[in-house]
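Inside the fold
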Amino acid sequence: WSGGGVREEKVQDVLRRSVKQVVNLVLQNQGVHAVEWGDVDVLVAECGTRVLKTVLQEMRRLRSDPSYFEQGTPMGSEVLEWLQETNLHSYTPIFVHHHLDSLEYVAGLEKANLLQLFDEHEELYPRSGRKGAMGGELAKLQKAHRKLLCK
C-alpha cells in the first residue's frame, strides 16, 4: 500500500476499524451523505455486505491464478514444473483450483481422484470422453502419477 501513496499509519488506522466504520469513511470521502439515503444502518450494512462479497470473490480469483500458485505456495512451482515436464500443462487450472500445491499431495492422489481431475479436464478441453481416452489423456495422467510414486 505504501508504494501507492497511502501512508502506513492510514492503513493501520483502517485495519483497526469495523466494516461499518470503514464504509462510513468511504461514503464520507466520496461526498455521500448517508442520511439522504434513508436508514443509515441499512445502507451501511448493505454496502458492507457487498464489499465483503467482492473481497471474497477477488481472493478466490487470486488463489486460482497460476502465478499466485507458483509464487504464493511453497511447492507450487515444483508442481507447475512437473506438469510441464510430463506434458500435462493443460491441467494447471485444475491443480490450482484444487490447491494441489505439492508433489507429495499429487503423489497421494488415488485413482478416483485422478479420474475426477481427468473429468474436469475433459469439461475444460473436450476430447473423446473417458471411454476413448484410455490410450490418451487419462493414460498420460496415470503414467505421470505412477512415475511420481516411484521417485
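Report on the accompanying structure. (Residues numbered from 1 in each chain as written. Predicted model: local features only at pLDDT ≥ 70, side-chain atom pairs only at ≥ 80, totals over all residues. Heavy atoms only, no water.)

Scanning the protein chain from N- to C-terminus turns up 10 helices and 0 strands. The linear arrangement of helices and strands in the protein chain, starting from the amino end, is α-α-α-α-α-α-α-α-α-α. Here the protein chain, with 151 residues, has 28% of them falling under the buried criterion. Summarising the internal contacts of the protein chain: among those between residues at least 6 apart in sequence, 49% fall at separations of at least 24. Here the protein chain displays about 10,500 Å² of accessible surface, and carbon together with sulfur accounts for 55% of that area. (Helix = DSSP H or I, 4+ residues; strand = E, 2+ residues; numbered from the N terminus. Buried < 20%, exposed > 50% of the residue type's maximum accessible area, 1.4 Å probe, protein only. Contact = heavy atoms within 4.5 Å. Areas by Shrake-Rupley, 256 points an atom, 1.4 Å probe, with all protein chains shown as cover.)

In this section: the packing of aromatic side chains. Tallying each qualifying case throughout the model produces 2 aromatic pairs. Aromatic side chains Trp82 and Phe95 sit 6.3 Å apart centroid to centroid with 45° between the ring planes, which places their arrangement in the tilted category. One end of the pair, Trp82, is in helix α5 (residues 76–85); the other, Phe95, is in helix α6 (residues 92–97), with 13 residues separating them in the sequence. In this structure Trp82 comes out as buried when scored by relative accessible area, which is 5%. (Phe/Tyr/Trp six-rings, centres within 6.5 Å; stacked < 30°, edge-to-face > 60°.)

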